[in-house]
Amino acid sequence: MDESYLIQSAQHGDLDAFNTLVLAHQDVVYNTALRILNDEDLAADATQEAFLSAFKALNSYRGGSFRAWLLRTVTNACYDELRRKKRRPTTPLEPETDEGEDVESPRWMADPNASPEQEMDQQELEHAIQHCLESLPTDFRTVVVLADIQGLDYSEVAVAVKTPIGTIRSRLARARVRLRECLQGFRELLPVAFRLEEESNL
Amino acid sequence: MNNVSLRDLERLSAYLDRELSQKEKTRLVARIVKEPELAKALDELRQTRNMLRQTPHRKAPRNFTLTPKMAGIRPPVPRVVPALSWASAVAMLMFVCTLGYNFLSVGGFGAAAPKASDLNASNQSVAATQPLATQPPAAMAATEAPVAPPGLGEAATETPAVETATPTLPSSSPKPRQTPTVSRSSQYGILPTAPTATQEAPTQEIAPTLAAGSGLAVASETPGIGSRSVLEQPTVESATGPSSLASAETQAAAKAFPWAYIWLGLATVLVAAALLIRWLNRLAFARRTKG
């Protein structure tokens, strides 16, 4: 169904139309929250909060990229979660081995459709990226998640974080440089396909 | 990448994303060809971006659709509800009107409810004081006391004295004398003729005072007699016509009671209808949300 029609219906209070939009965008919104927060439960909470805020503030949507507008709400929800987390730091309930050590790649994170090798590669890559994202300042992390992981263009990122495009450009470049340095530390751990090696194709 | 300035890194990053203007792009490409460090930095940025784009996408752990409750949407209102949405307010208004009507017509809640026992008691007291009915004009004289000339006022104040002198009222049994006084006011309270009846009592109380003001020695010297006369006056008044008074009371009660019952009944029906519809509405909404 046409997205603009659904948005219009939702603006008139049609919850079913809005829920159709939710189903279409929930993966993007959840993944954004997950990469910013690096916590599944918090990401789920932020996603739910974002959709709720979006429904309430739907009349403030004045056209343009709906995805970017939606990602702004989840970005705000993530910032709220991070502020809350700072005020009340908690210890995540990670699964532990018999010796009491945390299991870094829990079984429930696995993709059931991937082969064991692919699964391992994906997990290693995800772990490395998430670790490096975690080391970035929140503003940089948000921009790189939106631009490089979610694939938004600069104007959409500017809408999502309510920041001028010039600032987005600067933050993204700095974030990429820092990530490059961080990911170099995982050079040996990363699968061959993802190693940071010289590429000749421009 | 260390030898490349931050400004150039920004340009390279934007170039990767095709976010440079044509002029900037031409200038940068020319520099990349000439400066191998820029070309290397561009490669590194591209690899980093490609790696980030390979980040696995997770599926949402659950659906984040909103329920009407979460969205704060009220249950749909059936068509009959708007008409009955004011039912409780109307019911309350009717209830207040009923109470107000009773209060205003009677002058107080305590006297608002005439009881059969009171009627019987008054009839009995009337029967007991039947011999005193030989002086019916006394009541009229008492009511006319304020407007009457001093000569008549004297007669009014003297009338109770005559009554107190009658031996038919036993001093050892004050109850029969007090009972008619209370019951009379309660009986008159519900009658349409109540205003005239209620006006009588103050008039009678004022009568001795006016009489005293008029310089009558009898009234001023015996204030106690005047007050007693007011208390005892009902027995004389009730004696003026017990049978006609009782019939008037029953007629008035027959007129007043149905209205009160109708008003209260309507109020009850309206409140019940409003509650029933609200409950049915919630039930329908719960079924809809479950489905």
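Coordinates for the structure precede this section.
Residues numbered from 1 in each chain as written. Chains lettered and ligands numbered in written order. Predicted model: local features only at pLDDT ≥ 70, side-chain atom pairs only at ≥ 80, totals over all residues. Heavy atoms only, no water.

Notes on the overall build of chain A
This is how it is decided: For the purposes of this entry, the term helix denotes a DSSP run of H or I that reaches at least four residues, the term strand denotes a run of E that reaches at least two, and both are numbered from the N terminus. Here's how the labels work: a residue is buried when its accessible area is under 20% of the maximum for its type, exposed when over 50%, partly exposed in between, all with a 1.4 Å probe on protein chains only. By definition in these notes, contact holds between two residues if any of their heavy atoms fall within 4.5 Å. Only the protein chains shown count as covering a residue, and every accessible area follows the Shrake-Rupley method with a 1.4 Å probe.
Across its full length, chain A carries eight helices and zero strands. Taken from N to C terminus, the helices and strands of chain A fall in the order α-α-α-α-α-α-α-α. Looking at chain A residue by residue over its 202 residues, the buried ones come to 47%. In chain A, of all internal contacts separated by at least 6 residues, the share reaching a separation of at least 24 is 61%. When the accessible surface of chain A is summed, it comes to about 10700 Å², and 48% of that surface belongs to carbon and sulfur atoms.

Looking at unusual backbone geometry
All names here are of chain A. Within the chain, Asn-38 stands out as a residue other than glycine whose phi angle is a positive 55°. Positionally, Asn-38 belongs in the loop between helix 2 (15-37) and helix 3 (40-56). Judged by its relative accessible area of 36%, Asn-38 is partly exposed. The phi torsion at Lys-162 lies on the positive side, around 55°, for a residue other than glycine. Note that Lys-162 resides in the loop between helix 7 (154-161) and helix 8 (165-184).

Considerations on the side chain of Thr-55 of chain B
Applied cut-off: Under the rule applied, a polar contact is a pair of N or O atoms within 3.5 Å (in protein, one hydrogen donor and one hydrogen acceptor; residues adjacent in sequence only if both atoms are side-chain atoms).
In this structure, Thr-55 of chain B sits in the loop between helix 3 (36-53) and helix 4 (68-71). What makes Thr-55 of chain B buried here is its relative accessible area of 3%. Within polar-contact distance, the side chain of Thr-55 of chain B engages the backbone oxygen of Leu-52 of chain B at 2.5 Å. In contact with Thr-55 of chain B, other than residues within four places in its own chain, are Arg-35, Ile-129 and Ile-149 of chain A.

Describing the side chain of Thr-32 of chain A
Examined against the element boundaries, Thr-32 of chain A turns out to sit in helix 2. Excluding residues that lie within four positions of it along the chain, Thr-32 of chain A makes contacts with Leu-71, Val-74, Val-145, Leu-146 and Gln-150 of chain A.

Here we look at the packing of aromatic side chains
Defined as follows: Two rings from Phe, Tyr or Trp (for Trp, the six-membered ring) form a pair when their centres sit within 6.5 Å of each other. Planes less than 30 degrees apart are called stacked, planes more than 60 degrees apart edge-to-face, and all others tilted.
Considering all chains together, one arrives at six aromatic pairs over all chains under this definition. Three or more aromatic residues joined by ring pairs make a cluster, and in this case those are Tyr-30 and Phe-51 of chain A together with Phe-64 of chain B.

A look at a nonpolar patch on the surface
Residue and element names in this part refer to chain B. To keep it simple, the criterion reads: Patch criteria: residues need more than 30% relative accessible area and no salt bridge. Like-charged residues are merged within 9 Å; nonpolar side chains of Val, Leu, Ile, Met, Phe, Trp and Tyr are merged within 5 Å. A pairing counts as a salt bridge when a side-chain nitrogen of Lys or Arg comes within 4 Å of a carboxyl oxygen of Asp or Glu.
Taken together, the side chains of Met-92, Phe-95, Val-96, Leu-99 and Leu-264 present a nonpolar region at the surface, about 410 Å² in accessible area. In terms of residue count, the dominant contributor to the nonpolar patch is helix 6 (residues 87-106) (four residues). By relative accessible area, which is 34% here, Leu-99 ends up partly exposed.

Quick notes on the state of the cysteines
Residue and element names in this part refer to chain A. The following threshold applies: Defined by distance alone, a disulfide is two cysteine sulfur atoms within 2.5 Å.
For the structure shown, the criterion picks out one disulfide over all chains. Paired through a disulfide, Cys-132 and Cys-182 show a sulfur-sulfur distance of 2.0 Å. Its torsion about the S-S bond being -85°, the disulfide of Cys-132 and Cys-182 is classed as left-handed. Placement of the pair is Cys-132 in helix 5 (residues 116-134) and Cys-182 in helix 8, with a sequence separation of 50 residues. Across the pair, exposure class does not vary: Cys-132 and Cys-182 are buried alike.

Some thoughts on the interface of chain B and chain A
The condition that has to hold: When two components associate, each loses some accessible surface as probed by a 1.4 Å sphere; the sum of these losses over both components is called the buried area. In the scheme used here, Gly and all other residues not listed as nonpolar or charged are polar, with Ala, Val, Leu, Ile, Met, Phe, Trp, Tyr, Cys and Pro taken as nonpolar and Asp, Glu, Lys and Arg as charged.
Counting residues at the interface gives 43 residues for chain B and 50 residues for chain A. Roughly 4400 Å² is buried in total at the junction of chain B and chain A, and carbon and sulfur atoms are behind 59% of that figure. Contact with chain A buries area across many residues of chain B, yet Met-51, Arg-58 and Phe-64 of chain B alone supply 19% of it, more than any other trio. Inspection of the region where chain B meets chain A yields five salt bridges. The salt bridge partner of Arg-169 of chain A is Glu-24 of chain B, with a shortest N-O separation of 3.8 Å. Here chain B is connected to chain A by 18 residue pairs in polar contact (both at pLDDT 80 or more). Only helix 1 (6-16), helix 3 and helix 4 of chain B provide two or more residues apiece to the side of chain B that touches chain A. Sorting elements by how many residues they give to the side of chain B that touches chain A places helix 3 of chain B first, with 13 residues. Of the residues belonging to the side of chain B that touches chain A, the class tally is 18 nonpolar, eleven polar and 14 charged.

Focus: the packing of helix 8 of chain A against helix 1 of chain B
So the rule is basically this: All axes are obtained by fitting lines to C-alpha atoms, using only the stretch in contact for helices, and the reported angles, taken between N-to-C directions, cover 0 to 180 degrees. Convention used here: angles under 35 degrees read as roughly parallel, angles over 145 as roughly antiparallel, angles from 65 to 115 as roughly perpendicular, and any remaining angle as oblique.
Remark: helix 8 of chain A packs on helix 1 of chain B, axes separated minimally by 8 Å, with the N-to-C direction vectors making an angle of 95°. The pairing of helix 8 of chain A with helix 1 of chain B is recorded here as roughly perpendicular in orientation. Of the residues in helix 1 of chain B, those in contact with Arg-169, Ser-170, Leu-172, Ala-173, Arg-174, Arg-176 and Val-177 of chain A of helix 8 of chain A are Leu-6, Leu-9, Glu-10, Arg-11, Ser-13 and Ala-14 of chain B.

Regarding the nonpolar core
What tends to happen in soluble globular proteins is that the nonpolar side chains get buried as a cluster. Here is the rule: Residues grouped as a nonpolar core are buried Ala, Val, Leu, Ile, Met, Phe, Trp, Tyr and Cys residues, joined through side-chain atoms within 4.5 Å.
The biggest cluster of nonpolar side chains holds 79 residues, and the ones touching the most others in it are Phe-18, Phe-51, Phe-66, Leu-133, Val-144 and Val-157 of chain A together with Leu-12 of chain B. In this structure Val-144 of chain A touches Leu-133, Leu-136, Ile-149, Leu-172, Ala-175 and Leu-179 of chain A together with Leu-52 of chain B, once residues within four positions along its chain are discounted.

Points about the packing of helix 6 (residues 138-149) of chain A against helix 3 of chain B
Interhelical geometry of helix 6 of chain A versus helix 3 of chain B gives an angle of 80° and a closest axis separation of 9 Å. Considered as vectors, helix 6 of chain A and helix 3 of chain B are oriented roughly perpendicular to each other. Counting all contacts with helix 6 of chain A, which are made through Val-144, Asp-148 and Ile-149 of chain A, the residues of helix 3 of chain B involved are Arg-49, Leu-52 and Arg-53 of chain B.

With respect to the pattern of salt bridges
On inspection of all chains with the given rule, the structure shows 16 salt bridges over all chains. Salt-bridge contacts for Asp-17 of chain B lead to Arg-176 of chain A; the nearest nitrogen and oxygen are separated by 2.9 Å. With one member in each of two chains, Asp-17 of chain B in the loop between helix 1 and helix 2 (22-34) and Arg-176 of chain A in helix 8 form a pair that bridges those chains. Accessibility assignment for this pair places Asp-17 of chain B and Arg-176 of chain A in one class, buried. In this structure, a network of salt bridges that share partners links the residues Arg-35, Glu-40 and Glu-126 of chain A together with Arg-58 of chain B.

Digging into the environment of His-131 of chain A
Residue and element names in this part refer to chain A. Of note, His-131 is situated in helix 5. Taking relative accessible area as the criterion, His-131 reaches 45% and is therefore assigned partly exposed. Along the chain, His-131 and Cys-182 lie 51 residues apart, while their C-alpha atoms are 8.7 Å from each other. Beyond its immediate chain neighbours, meaning those up to four positions away, His-131 contacts Cys-182 and Phe-186.

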